[in-house]
Amino acid sequence: MVEKTIEIKRGQVLSDILPNKEIPTNTILNKTLTGCGATYGEIVHAKRHSIIIEPNVPVILGKKAEHPFLFAVYEGITKEDVKAYLAGEHDGYRKIITTPEGFDKKVLPAMYETHTPMYDDYFLLLDECEKTIQDVGYRGDIYLPVEDFFRFKNKAMVSATPILPSDPRFEENGFKILKLVPTYDSRIELTLCTTNNTVAVMRKLLKRLENETVCVFLNSTETILSLIYALRLQGRSRVFCSEKSVRKLKQMNFTDASETLDELAPVNFLT
């Protein structure tokens with residue numbers, strides 16, 4: 001695939017530098033930076049109907065809180081709710097944000113049943129597209145939107161750390177890679193700790209940061225729970241994870257878990 005670079009200056013967001021403030025169709029956007037406004041621009045500035053697919057519910061809830069006009073699809077929202085949204089009156093453009101599972105099991109059927117010409121009328125944006133490859137081994141449904149992805153006339157993928165796909169349909173559809181290149185030094189200082197005793201290092205780090213709010217990113221709820229018990233963090237820690245993992249932790253008698261990123265504890269674990 002052909003790669004094109006575009007410069008972004010400090011303080012700029014994506015809609016400042018893209019033509020018509022829109023992500024071009026048939027594009028894999030390598031934004032390189034987080035928080036540069038890729039989904040924000042599609043929600044607020046793009047003059048088109050949009051379906052935005054996010055891999056996790058907390059991101060969806062955060063976007064919904066920021067933009068109340070968004071129609072958010074996740075557990076508890078039904079196909080009939082989607083149909084009612086499509087049938088309702090709207091000022092401007094319809095903006096739908098959904099999980100991959102919600103897209104396949106609720107949004108698509110609702111579009112079909114309301115005879116909505118979604119493939120022609122809607123722009124499909126697959127955010128954090130690397131997750132489709134990384135998570136498919138244990139979350140097979142995350143790949144469901146890809147088959148319909150290529151049926152949309154207007155579509156794009158976005159990631160700060162994209163994994164280039166091998167699917168020949170990207171070449172067949174004339175996809176291009178658009179890479180953002182900061183004109184400033186965007187690197188963040190990092191302290192690397194190498195160890196064969198994670199608990200001991202964690203204990204030292206938490207002691208050093210005892211007056212700070214700490215966030216630990218770890219993709220295993222079992223390991224998180226083991227660390228909480230080993231470090232005696234019960235009562236001063238919270239876990240933010242998927243709804244399924246929240247249920248799992250509660251079955252293991254740990255209740256300080258939430259699928260919504262809300263009030264932080266002194267020590268927070270995020271999957």
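See the structure printed just above.
Residues numbered from 1 in each chain as written. Predicted model: local features only at pLDDT ≥ 70, side-chain atom pairs only at ≥ 80, totals over all residues. Heavy atoms only, no water.

Peer 1: Would you take a moment to explain the overall build of the protein chain for this structure?
Peer 2: In terms of regular secondary structure, the protein chain is built from twelve helices and twelve strands. In terms of overall dimensions, the protein chain is globule-like: its C-alpha atoms have a radius of gyration of 20 Å, near the 18 Å expected for 271 residues. Reported as C-alpha extents along the three principal axes, the dimensions of the protein chain are approximately 55 × 45 × 35 Å. Within the protein chain, contacts between residues at least 6 apart in sequence are counted, and of these 73% link residues at least 24 apart. Just so you have it, the protein chain exposes about 15,200 Å², and 50% of that area is on carbon and sulfur atoms. Positive and negative side-chain charges of the protein chain, numbering 35 and 37 respectively, have mean locations separated by a distance of 4 Å. (Helix = DSSP H or I, 4+ residues; strand = E, 2+ residues; numbered from the N terminus. Rg over C-alpha atoms; globule rule 2.2 N^0.38 Å. Contact = heavy atoms within 4.5 Å. Areas by Shrake-Rupley, 256 points an atom, 1.4 Å probe, with all protein chains shown as cover. Lys, Arg positive; Asp, Glu negative; His and termini not counted. Charge placed at Lys NZ, Arg CZ, Asp CG, Glu CD.)

Peer 1: Before we go on, may I ask you to explain the sheet that holds strand 4 (residues 71–73) in this structure?
Peer 2: Strands in a sheet are paired, the pairing made by backbone hydrogen bonds, and the direction either parallel or antiparallel. One open sheet accounts for eight strands, arranged 1-8-2-7-6-3-5-4; its pairing is parallel. The outermost strands of the open sheet, each flanked by one partner alone, are strand 1 (2–8) and strand 4. For this sheet, the mean angle separating the axes of adjacent strands, direction not counted, is 20 degrees. For strand 1 and strand 8 (residues 176–182), the ladder comprises seven bridges, and the chain directions are parallel. Bridging from a neighbouring strand, I6 pairs with L180 of strand 8. (Pairing = 2+ DSSP bridges. Axes fitted to C-alpha atoms, helices over the stretch in contact; angles between N-to-C directions.)

Peer 1: So what exactly am I meant to see when it comes to a nonpolar patch on the surface here?
Peer 2: Taken together, the side chains of Y40, V44 and F69 make up a nonpolar region of the molecular surface, amounting to roughly 260 Å² of accessible area. Mapped onto the elements, Y40 comes out in helix 2 (residues 38–44). Of the residues examined, Y40 reaches a relative accessible area of 34% and is grouped as partly exposed. (Patch = residues over 30% accessible without salt bridge, like charges linked within 9 Å, V, L, I, M, F, W, Y side chains within 5 Å. Salt bridge = Lys/Arg side-chain N within 4 Å of Asp/Glu carboxyl O. Buried < 20%, exposed > 50% of the residue type's maximum accessible area, 1.4 Å probe, protein only.)

Peer 1: Sorry, what's going on with the pattern of salt bridges here?
Peer 2: A side chain of one charge can pair with a side chain of the opposite charge when the charged atoms of the two come close. Evaluated as defined, the whole model comprises twelve salt bridges. The residue D167 makes a salt bridge to R169 at a minimum N-O spacing of 2.8 Å. Overall, D167 belongs to the buried group, its relative accessible area being 17%.

Peer 1: How do you make sense of the pairing of strand 7 (residues 154–159) when you look at a structure like this?
Peer 2: Strand residues, when the strand is regular, have side chains that alternate between the two faces of the sheet. Counting buried positions over the six residues of strand 7 gives five, a clear majority of the element. Sheet topology places strand 2 (residues 27–30) next to strand 7; four bridges connect them, and they run parallel. Counterpart to N30 in the pairing with strand 7 is S159. Bridge count between strand 6 (residues 122–126) and strand 7: four bridges; the pairing is parallel. When the sheet's bridge partners are listed, F123 is paired in strand 7 with N154.

Peer 1: Help me understand helix 5 (residues 100–113) in this model?
Peer 2: Along an α-helix, residues three or four apart share an orientation, since each turn contains 3.6 residues. With 14 residues, helix 5 extends 19 Å between its outermost C-alpha atoms, agreeing within 8% with the 20 Å of an ideal straight helix rising 1.5 Å per residue. Along helix 5, the sharpest kink reaches roughly 30 degrees, centred on V107 and followed within four residues by the proline P109. All buried positions along helix 5 are accounted for by P100, E101, G102, F103, K106, V107, L108, A110 and M111. H115 sits one or two residues past helix 5 and shows a positive phi near 55 degrees. (Expected span 1.5 Å × (residues − 1). Bend = angle between axes of the 7 residues up to and from the residue.)

Peer 1: When you look at the pairing of strand 5 (residues 95–98) in this model, what are you seeing that I'm missing?
Peer 2: Of the two faces of strand 5, the one carrying K95 and I97 and the one carrying I96 and T98 are both buried. When strand 3 (residues 49–53) meets strand 5, the two strands line up parallel, connected through four bridges. Across the sheet, the residue bridging to I51 is I96, located in strand 5. As paired strands, strand 4 and strand 5 are joined by three bridges and run parallel to one another. By the bridge assignment, V73 is partnered in strand 5 with T98. Taking the sense of rotation as the criterion, the β-α-β connection linking strand 4, helix 4 (residues 79–87) and strand 5 turns out right-handed. (Right-handed = clockwise from strand over helix to strand, strands pointing away.)

Peer 1: Hey, could you run me through the nonpolar core in this one?
Peer 2: Soluble globular proteins tend to bury their nonpolar side chains together. If you look at the biggest cluster of nonpolar residues, it comprises 28 residues, and the most contacted ones within it are I51 and I96. Dropping the residues within four chain positions of it, I96 is found in contact with S50, I51, I52, F71, V73, Y85, L86, V107, M111 and Y122. By size, the runner-up hydrophobic cluster in this structure holds 22 residues, among which are L14, I17, I43 and L70. (Core = buried A, V, L, I, M, F, W, Y, C linked by side-chain atoms within 4.5 Å.)

Peer 1: In this structure, what is going on with the sheet that holds strand 11 (residues 257–258)? I would like to understand it.
Peer 2: If you trace the four strands from one edge of the open sheet to the other, you get 9-12-10-11, paired in parallel fashion. Each of the sheet's edge strands pairs with one partner strand only, and the pair in question is strand 9 (214–217) and strand 11. Bridge analysis of strand 9 against strand 12 (residues 267–270) gives four bridges, and the strand direction is parallel. By the bridge assignment for strand 12, V216 is matched with F269.

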